[in-house]
Amino acid sequence: MSPPRIDRWLLKSEPDEFSIDTLAARPNRRGVWDGVRNYQARNYMRDGMQVGDLAFFYHSSCAVPGVYGIVSIASAAYADPAQFDRKSAYFDPKSSTAAPRWSAIDVALVERWHAPVTLERLRTIAACADMVTLRRGNRLSITPVAAREWRAICAAVGR
DNA sequence: GCCAACGTTGGC
DNA sequence: GCCAACGTTGGC
């Protein structure tokens, strides 16, 4: 018997680039998760994610890094339009519409928490001791989240 | 701003 | 295929 499919994720974003508040302010509370330029992270989007999966929205490179809420995966992976846009910071001259290199997905806000589960707090949660995104030197912007990690972090905000 | 850690690139 | 150089990430 194979282990259950991973259906929980963590999506990292610098709030100056794209924040959970920006997402919450949209009328439909949906957004495009684009600009991922790492192959492993892309593979998680393209090969691992399914519509309806849930993901923590993590803010990095900011005053208080941590998990600020939950989004759902609202589309299958598709070619990231930014890779073809010469004016975009995410433009990739090595990519082509015939053979797109990078993927994007749509996300929909599920919960925006009043207070984050901070990185400092995450490091104290025993169930998260082996969490991928907490590992030394990890820089992946998209990582799988184990069921026990998901439950423990939700419990930390009373969910 | 610093710097450790990592991924990618490109010469060989 | 190796690996040094480089650019980027992200906590502090």
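Our structure is the block above this text.
The structure displayed is predicted, hence computed values, not measured ones.

Caption draft 1: Local environment of the protein's contact with DNA strand B. Around DNA strand B lies a shell formed by Asn 38, Tyr 39, Lys 94, Arg 136, Gly 137 and Arg 139. Per the 4 Å cut-off to the protein, sugar and phosphate atoms form 77% of the nearby atoms of DNA strand B. A distance of 2.4 Å separates a base oxygen of DNA strand B from a polar atom in the side chain of Arg 139. By residue class, the composition of the surface near DNA strand B is one nonpolar, two polar and three charged.

Caption draft 2: Region of interest: the environment of Arg 148. Mapped onto the secondary structure, Arg 148 falls in helix H4 (residues 147-156). Take Arg 148: its relative accessible area is 41%, and that puts it in the partly exposed class. With 88 residues separating them in the primary sequence, Arg 148 and Ser 60 have C-alpha atoms 22 Å apart.

Caption draft 3: Local environment of H4. Within H4 the residues assigned to the buried category are Glu 149, Trp 150, Ala 152, Ile 153 and Cys 154. On its buried side, H4 packs onto strand E1 (8-13), strand E3 (54-59), strand E4 (66-73), strand E6 (103-118) and helix H3 (119-122).

Caption draft 4: Geometry of the protein's contact with DNA strand C. In the region of DNA strand C, the neighbouring residues are Lys 12, Tyr 58, Ser 60, Ser 61, Pro 65, Leu 119 and Arg 139. Sugar and phosphate atoms represent 72% of those atoms of DNA strand C found within 4 Å of the protein. With respect to DNA strand C, the backbone of Ser 61 contributes an N or O atom lying 3.0 Å from a phosphate oxygen. The side chain of Arg 139 places a nitrogen or oxygen atom 2.5 Å from a base oxygen of DNA strand C. In terms of residue class, the surface near DNA strand C is made up of three nonpolar, two polar and two charged.

Definitions and cut-offs
- Residues numbered from 1 in each chain as written.
- Chains lettered and ligands numbered in written order.
- Predicted model: local features only at pLDDT ≥ 70, side-chain atom pairs only at ≥ 80, totals over all residues.
- Heavy atoms only, no water.
- Near = heavy atom within 4 Å.
- Polar contact = N/O pair within 3.5 Å; in protein donor to acceptor, adjacent residues only side chain to side chain.
- Nonpolar A, V, L, I, M, F, W, Y, C, P; charged D, E, K, R; others polar.
- Helix = DSSP H or I, 4+ residues; strand = E, 2+ residues; numbered from the N terminus.
- Buried < 20%, exposed > 50% of the residue type's maximum accessible area, 1.4 Å probe, protein only.
- Contact = heavy atoms within 4.5 Å.

Read these as spatial facts, not as claims about activity.
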